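For reference, the chains in residue letters:
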Amino acid sequence: MLPTIALVGRPNVGKSTLFNKLTNSRDALVADVPGLTRDRRYGRMQVEAGQVTLIDTGGLFGEHVLADELTGQTQLAVDEADLVLLILDGREGVTAADEDVVTYLRKSNVAFLPVINKIDGLNEDQIIADFVRFGFPAYAMISASHNRGLKQLRETIAQRLADLDMVLNPAPVEEPDGIRVAVVGRPNVGKSTLVNRLIGEQRQVVFDMPGTTKDAIDIPFNKDGTDYVLIDTAGVRRKGKVSEVTEKFSVVKALQAMERAHVVILVIDASEGLVEQDLHVLEYALEAGAGMVIAVNKWDGLEREQRDRVKTALDRRLNFVPWVPLQTISALHGSGVGKLLGRIEQVYKVGLFDVSTSLLTRLVRNMVAAHPTPAVRGRAIKIKVATRAGAHPPRIVVHGNQLGSLPSSYRRFLENGFREALSLLGNPVKLELRDSENPFAGKRNVLTQRQLDRRKRSIKHRKQSKKGS
């Protein structure tokens, strides 16, 4: 499982800006307004050769009208985290709220790293002198908005995780045999009911209350000769105020389940449709490389007109992933569940990606012939060969020259071309561009004797010409 890091601090110290920089995204809303971040936000950050889960939080112990709710969200993030980054404002210095945060973290007995943000244009010695009262042995000094000190921060994080015996690249965990299927979704959409229906027994506790499931549960079973491992997860929380019992650890557990799964079933409530939280889960699953099936549950409770409206809305909101299959089901009564298993097996087999180099090369050359690559500084970008790099998800390595200059639009064209030609239903395509090495790089050109004699005559001729002039 990935280590988890939480960004904690009083309001408006730059936590969301740092979150966006470290995750290379723009997921967190950023503005010069205290208390703008309300809910916890999760992302993935690259640290050296590994990845960690990063949590952005609202301000802790602030004077915002939602101070109690924001503090509660932050406390949950601290409980989930293996390491906390305490974000301080170098421009404003120490405040009473900072002292409250430090006191809280020390009482929580959690490992934390103090990070002083907004140091651009300031004397670092004067900044540290203001924070020396806390008695920290060392600080990370950064300016998140100007990318200053972020490389050193990543290195420091990696070192602290190593000190905590947190492994960034753990050896593969012994998993039960079978297709690993993670069932994810918001609370009370019918995940545990679906799991019970799939395995044919009352294995999971089902109750009409959000948060009944507290942890990710592995359930091996066999269906029609095929082995599966179902991973039932706690609900990914709804937006707004919820109880601590309901949402503690739920998001982290769901994300970790998606990291392990071959196929993810995103369960949504047909009566509510696809909401923003569902889209966040969908994006994370695709980024993690899992195959994807969307199960539209409680379909039997809709009238014909409602069904037409829901289908239209789903088609519109999912137009950016038209290759993700949808299956309408009723987990309670069993309708459509058999077809859902068929979809899962189909997506899994596609994800095995058993294709030859000759086929991939022929496909990429056909795509280049139909739409030639652009030129860079007068030289055309050359694509030579495509090879299979791995499965779950399908990974393709494209070899050529100057591929580092290939536009992102052309990269998407190649990904979509491979997906369409190979019918990669429900699976994201990971494309790696690799420039061919120059066989003559670093080698000195050795002249023949004839070339050496000609060079001598040329030098002699130039000297005589200079004398004559």
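Reading the values: the criteria
- Residues numbered from 1 in each chain as written.
- Predicted model: local features only at pLDDT ≥ 70, side-chain atom pairs only at ≥ 80, totals over all residues.
- Heavy atoms only, no water.
- Helix = DSSP H or I, 4+ residues; strand = E, 2+ residues; numbered from the N terminus.
- Buried < 20%, exposed > 50% of the residue type's maximum accessible area, 1.4 Å probe, protein only.
- Contact = heavy atoms within 4.5 Å.
- Expected span 1.5 Å × (residues − 1).
- Arc of directions from axis to C-beta.
- Phe/Tyr/Trp six-rings, centres within 6.5 Å; stacked < 30°, edge-to-face > 60°.
- Salt bridge = Lys/Arg side-chain N within 4 Å of Asp/Glu carboxyl O.
- Pairing = 2+ DSSP bridges.
- Axes fitted to C-alpha atoms, helices over the stretch in contact; angles between N-to-C directions.
- Right-handed = clockwise from strand over helix to strand, strands pointing away.
- pLDDT = per-residue confidence, 0-100.

**Some points on the overall build of the protein chain**
When its secondary structure is counted, the protein chain shows 14 helices and 17 strands. With 469 residues in all, the protein chain has 48% of them scored as buried. For the protein chain, long-range pairs separated by at least 24 residues make up 71% of all intrachain contacts whose partners lie at least 6 apart in sequence.

**A few points about helix 12 (residues 357-370)**
Between its terminal C-alpha atoms helix 12 stretches 20 Å, which fits the 20 Å expected from 14 residues at 1.5 Å a residue. Taken residue by residue, helix 12 has Leu360, Thr361, Leu363, Val364, Met367 and Val368 as its buried positions. The buried side chains of helix 12 occupy one side of the element, clustering within an arc of 160° when seen end-on. Pointing more than 90 degrees away from the buried face of helix 12 are the exposed residues Ala369 and Ala370.

**Topic: the packing of aromatic side chains**
By the definition in use, this model includes 7 aromatic pairs. With a centroid separation of 6.5 Å and 35° between ring planes, the pair formed by Phe131 and Phe134 is classed as tilted. Exposure class is identical for Phe131 and Phe134. Each is buried. Seen from their ring centres, Phe134 and Phe136 are 5.6 Å apart, and the 35° between their planes marks the pair as tilted.

**A closer look at the pattern of salt bridges**
Scanning the entire structure with this criterion turns up 14 salt bridges. When the shortest N-O distance is used, the salt bridge between Arg133 and Glu99 registers 3.2 Å. In this pair, Arg133 sits in the loop between helix 4 (124-131) and strand 6 (140-141) while Glu99 sits in helix 3 (residues 96-108), placing the two residues 34 residues apart along the sequence. The shortest N-O distance in the salt bridge between Arg411 and Glu415 comes to 3.7 Å. Of the two residues, Arg411 and Glu415 both sit in helix 13 (residues 408-422), 4 residues apart, roughly one turn of that helix. The exposure class assigned to Glu415 is buried, which follows from its relative accessible area of 17%.

**A look at the sheet that holds strand 17 (residues 430-435)**
Taken together, the 3 strands give an open sheet; going across it, the order is 15-16-17, and neighbouring strands pair in mixed fashion. Each edge of the sheet is formed by a strand with only one pairing partner; in this case those strands are strand 15 (382-390) and strand 17. Recorded for the sheet is a direction-independent mean angle of 25° between the axes of neighbouring strands. Inspection of the sheet shows strand 16 (residues 395-401) paired to strand 17 by 6 bridges, in the parallel sense. Following the sheet pairing, Ile396 is matched in strand 17 by Leu431. Of the strands in this sheet, strand 15, strand 16 and strand 17 touch helix 13, which is tilted by about 125° from strand 17.

**Some thoughts on unusual backbone geometry**
The omega torsion of the bond from His392 to Pro393 falls at 5°, within 30 degrees of zero and hence cis. Within the secondary structure, Pro393 sits in the loop between strand 15 and strand 16. If you check the backbone angles, Asn109 has positive phi at about 55° while not being a glycine. Tracing the sequence through the fold places Asn109 in the loop between helix 3 and strand 5 (112-117). On the basis of relative accessibility, which here comes to 72%, the residue Asn109 falls in the exposed class. In the Ramachandran plot, Lys298 falls in the positive-phi region, its phi being about 60° despite a non-glycine side chain. One can find Lys298 in the loop between strand 11 (291-297) and helix 10 (304-317). Assessed through its relative accessible area of 32%, Lys298 is described here as partly exposed.

**Quick notes on the sheet that holds strand 6**
In space, the 6 strands of this open sheet follow the order 2-3-1-4-5-6, with mixed pairing throughout. Edge positions in the sheet fall to strand 2 (41-47) and strand 6, since each has one partner strand and no second. In terms of strand pairing, strand 1 (residues 4-8) meets strand 3 (residues 50-56) through 4 bridges, oriented parallel. When the bridges of strand 3 are listed, Thr4 appears paired with Thr53.

**Description of the pairing of strand 4 (residues 83-89)**
Of all 7 residues in strand 4, 7 are buried; the element is thus mostly enclosed. Because side chains alternate across strand 4, one face comprises the buried residues Leu83, Leu85, Ile87 and Asp89, and the other comprises Val84, Leu86 and Leu88, equally buried. For the handedness criterion, the β-α-β arrangement of strand 4, helix 3 and strand 5 is classed as right-handed.

**Things to note about the environment of Phe353**
On the secondary structure map, Phe353 appears in the loop between helix 11 (337-352) and helix 12. Separated by 71 residues in sequence, Phe353 and Leu424 have C-alpha atoms that sit 8.4 Å apart. Not counting chain neighbours up to four residues away, the residues in contact with Phe353 comprise Leu360, Arg388, Gly390, Ala391, Pro394, Arg395, Ile396, Leu422 and Leu424.

**Remarks on the environment of Gly336**
Tracing the backbone through its elements, the reader meets Gly336 in the loop between strand 12 (326-328) and helix 11. With relative accessibility at 23%, the residue Gly336 sits in the partly exposed group. In this structure the C-alpha to C-alpha distance between Gly336 and Ala295, which are 41 residues apart in sequence, comes to 9.3 Å. Sequence-distant contacts of Gly336, defined by excluding residues within four places in its chain, comprise Gln327, Thr328 and Ile329.

**Topic: the confidence of the model for the protein chain**
Chain-level pLDDT for the protein chain is 81 on average; 82% of the residues reach the 70-or-more range. Mean pLDDT values over the elements of the protein chain span from 42, in helix 7 (residues 244-247), up to 94, in helix 12. Under a pLDDT of 50 for its full length, residues 238-248 has, in the predicted model, 22 contacts with residues more than four places off or in other chains.

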